[in-house]
2 protein chains.
Amino acid sequence: MKLHEEEIDRRLPGIPGWRRENDQIVRDFQFADFKTALAFVNRVADEAEAMDHHPDILLHGWNRVRLSVMTHSEGGLTAKDFQLAERINLL
Amino acid sequence: MKLHEEEIDRRLPGIPGWRRENDQIVRDFQFADFKTALAFVNRVADEAEAMDHHPDILLHGWNRVRLSVMTHSEGGLTAKDFQLAERINLL
């Protein structure tokens, strides 16, 4: 179920590092090198598979990763998106 | 060394599936599922590490991968970009 605007604003402080971009929540990460960035991508992917909820993952500039999360079937942000962001923040 | 326009046009047919987008060459891939898309990303990453030449890798829509290749230090396309694309086409 798509979250209301107030609900999104209330939840955002609970996932430090993430920002809202239109219908998504987005976080940028930077790593020491490509290998470490790739290892992170694989940990995120494991989490995504476990939740059956898949972020868009951009590995760019050899050591940066941008994650973008939304619930496509609902056309916006749901509780599941915030759960995935929380889990990623624990990686 | 940055390739001339004519050289780029000459080389593009040698890397089927790739198209030019501004200063990059780009190819979109689609897979059966997330796991297969991720496995492909890891094979591309191995190739990139072996060549020490890193494409931007976007894993999106749970089963799609977009690769964008350029030589940032040269501000455009070089022979190395086409070599990487060729190797990726053999994966």
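Residues numbered from 1 in each chain as written. Chains lettered and ligands numbered in written order. Predicted model: local features only at pLDDT ≥ 70, side-chain atom pairs only at ≥ 80, totals over all residues. Heavy atoms only, no water.

Enquirer: Give a description of the packing of aromatic side chains that names residues and reports values.
Expert: Using the criterion set out here, one finds six aromatic pairs over all chains in the structure. Between Phe29(B) and Phe31(B), the aromatic rings sit 6.4 Å apart at their centres with planes inclined by 15°, giving stacked as the arrangement. Note on Phe29(B): relative accessible area 12%, which makes it buried. Grouping aromatic residues by their ring pairs yields a cluster made of Phe29(A), Phe31(A) and Phe40(A). Here the guanidinium or amino end of Arg11(A) rests over the ring plane of Phe82(A), the centre of that ring lying 5.9 Å away. (Phe/Tyr/Trp six-rings, centres within 6.5 Å; stacked < 30°, edge-to-face > 60°. Buried < 20%, exposed > 50% of the residue type's maximum accessible area, 1.4 Å probe, protein only. Lys NZ or Arg CZ within 6 Å of the ring centre and 35° of its normal.)

Enquirer: Any chance you could break down the interface of chain A and chain B for me, citing the residues and the numbers?
Expert: If you look at the interface, chain A gives 17 residues, while chain B gives 17 residues. Linking chain A with chain B are two salt bridges. The residue Glu49(A) makes a salt bridge to Lys35(B) at a minimum N-O spacing of 3.6 Å. In this assembly, chain A and chain B are joined by five residue pairs in polar contact (both at pLDDT 80 or more). For the side of chain A that touches chain B, the elements supplying multiple residues, two or more each, are helix H2 (34-51) and strand E3 (56-60) of chain A. Split by residue class, the side of chain A that touches chain B holds ten nonpolar, four polar and three charged. Pairing of E3(A) with strand E3 (residues 56-60) of chain B, which is carried by three bridges, proceeds in the antiparallel orientation. Following the sheet pairing, Ile57(A) is matched in E3(B) by Leu59(B). (Contact = heavy atoms within 4.5 Å. Salt bridge = Lys/Arg side-chain N within 4 Å of Asp/Glu carboxyl O. Polar contact = N/O pair within 3.5 Å; in protein donor to acceptor, adjacent residues only side chain to side chain. Helix = DSSP H or I, 4+ residues; strand = E, 2+ residues; numbered from the N terminus. Nonpolar A, V, L, I, M, F, W, Y, C, P; charged D, E, K, R; others polar. Pairing = 2+ DSSP bridges.)

Enquirer: Please provide a residue-by-residue account of the nonpolar core, values included.
Expert: Core analysis: the biggest nonpolar cluster contains 54 residues, and Ile25(A), Val65(A), Leu67(A), Ile25(B), Val65(B) and Leu67(B) have the highest contact counts within it. When near neighbours in sequence (up to four residues on either side) are disregarded, Ile25(A) contacts Leu12(A), Ile15(A), Trp18(A), Arg19(A), Arg20(A), Leu67(A), Ser68(A), Val69(A), Leu77(A), Asp81(A), Phe82(A) and Ala85(A). (Core = buried A, V, L, I, M, F, W, Y, C linked by side-chain atoms within 4.5 Å.)

Enquirer: Help me get a handle on helix H3 (residues 79-89) of chain A, residues and values and all.
Expert: Residue and element names in this part refer to chain A. When H3 is considered as a whole, its buried residues turn out to be Asp 81, Phe 82, Leu 84, Ala 85 and Ile 88. One side of H3 holds all its buried residues, which, seen down the axis, span an arc of 160°. Buried residues in H3 make contact with helix H1 (5-11), strand E2 (24-30), H2 and strand E4 (64-69). (Arc of directions from axis to C-beta.)

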